[in-house]
Amino acid sequence: MKPRVEIIALGGTIACAPDSGASGVAPSLTGMDLVAAVPQLGTLAQIGARNLSNLPSTEIGLPLLFDLAAAIRAHEDEGIAGIVVTQGTDTIEETAFVLHLLHRGSMPVVVTGAMRNPSLPGADGPANLLAAVACAVDPGCRDLGVMVAFDDVIHPAAWVQKRDTSSTGAFWSPAPLGWMAEERPALYAKAPHRAAFDIPQDATLPFVPILKPGLSDPPLLVDACLAAGAAGLVLDLAGGGHVHSSWLDPLTAAAERMPVVFSSRTRGGRVLSRTYGQVGGEIDLLNRGLQGSGDLDALKARLVLILALMTGAPGRFGEVTNLSWQPGNFETIPTRRP
């Protein structure tokens, strides 16, 4: 008997069709519509499909993702082989990471979508969906947490980023898990599955803004965020984690009241911790009580901080970020790239 894969559709470009009442396209296709367009899926697995929403991905919020994580847990209890989530690409790097932090099981969870809607020549949704299902049924993809299958590349949820507005190769990560070869996943690295968060049902969603200082930008938004009820701050800083000296007093005061995390706006490499000793350098910020985000960019650091605050244990931010890119935590699989 073929393994069973459940496709949970959230909407997005992969599900878009021309809107008869307006210009452009909008999400309207169902999960079953997506499956019907790729008959090869039936050669890999028994396919179930349903919609949890039908939205552009910027409308996806954490409450929806908590419901999705609960559905994934229920399906794993049923003994299915894997889950594929289809959605819009604009927020895949965030949603996949949240699911990665919530998923405790061994079952593969694969997120995918499309850059070209089904009405366009060369629509990439069918190929991406086929790749995602192939990963979901592959035993080698178990115990990897959540991954993103896109344009024949398999990315870890922790490091995947969308870096182009329209290219079919929009997604990038510094260390892909592998590639698709002859419609099968070929894995070359195994990322650690981070410790999962258990979110209490009565937890409230904290306000955690991201601030990105530019040249001559005064620190007025720091106090404004505090006045608006921020429970934490994430800073998207220059280089390895550096800020103008005018920001230091407000940030020091903020760090005495709440977690203040800094990341790098370069979105590549990791924030530094012991290189630059000038005023406003990363050593200065750490001495003032701020925390570095490791190799997580600001979007992902914000999500970790939100989930940590929702569990009532903000210290778990450091626990999660310290897992990334540490020796022994990224295992190379001895296979060859095709």
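**Student:** How do you make sense of the confidence of the model for the protein when you look at a structure like this?
**Tutor:** Note: predicted coordinates in regions of low pLDDT should not be interpreted at a detailed level. For the protein, per-residue confidence averages 92 on the pLDDT scale, and 93% of positions sit at 70 or higher. Segment residues 324–338: pLDDT under 50, and 35 contacts once partners within four positions in sequence are set aside and those in other chains are kept.

**Student:** What is the right way to look at the sheet that holds strand S17 (residues 291–292) in this model?
**Tutor:** Note: strands within a sheet are paired through backbone hydrogen bonds, in either parallel or antiparallel orientation. Spatial ordering of the open sheet is given by S14-S15-S16-S17, a layout of four strands whose pairing is parallel. The two strands at the open ends of the sheet, each matched to only one other strand, are strand S14 (210–211) and S17. Examined bridge by bridge, strand S16 (residues 260–264) and S17 share two bridges and lie parallel to one another. Directly across from Phe262, in S17, lies its bridge partner Gly292.

**Student:** Can you help me understand the packing of aromatic side chains in this one?
**Tutor:** Aromatic rings considered in pairs are described by the distance between their centres and by the relative angle of their planes. Across all of its chains, the model carries two aromatic pairs by this definition. With centroids separated by 4.7 Å and ring planes inclined at 50°, the aromatic side chains of Phe150 and Phe171 adopt a geometry described as tilted. Of this pair, Phe150 sits in strand S7 (residues 146–150) while Phe171 sits in strand S10 (residues 171–172); the two residues are 21 residues apart in sequence, bridging distant segments of the chain. Measuring from centroid to centroid gives 5.3 Å for Trp179 and Tyr188, while their planes differ by 55°, and the two rings are tilted. A relative accessible area of 10% places Tyr188 in the buried class.

**Student:** I tried to follow the packing of helix H4 (residues 92–102) against helix H9 (residues 298–310) on my own but got confused; where do I start?
**Tutor:** Each packed pair of helices is defined by two parameters, the angle between the axes and the distance between the axes. Two elements in contact, H4 and H9, have axes whose closest approach is 10 Å; the angle formed by their N-to-C orientations is 35°. Pair H4 / H9 crosses with right-handed handedness. Facing H4, whose interface residues are Glu93, Glu94, Phe97, Val98, Leu101 and Leu102, H9 presents Leu299, Lys300, Arg302, Leu303, Val304 and Leu307. The class makeup of the residues in the contact of H4 with H9 is eight nonpolar, no polar and four charged.

Criteria and cut-off values
Residues numbered from 1 in each chain as written. Predicted model: local features only at pLDDT ≥ 70, side-chain atom pairs only at ≥ 80, totals over all residues. Heavy atoms only, no water. pLDDT = per-residue confidence, 0-100. Contact = heavy atoms within 4.5 Å. Pairing = 2+ DSSP bridges. Helix = DSSP H or I, 4+ residues; strand = E, 2+ residues; numbered from the N terminus. Phe/Tyr/Trp six-rings, centres within 6.5 Å; stacked < 30°, edge-to-face > 60°. Buried < 20%, exposed > 50% of the residue type's maximum accessible area, 1.4 Å probe, protein only. Axes fitted to C-alpha atoms, helices over the stretch in contact; angles between N-to-C directions. Left-handed = near helix turned anticlockwise from the far one by under 90°. Nonpolar A, V, L, I, M, F, W, Y, C, P; charged D, E, K, R; others polar.

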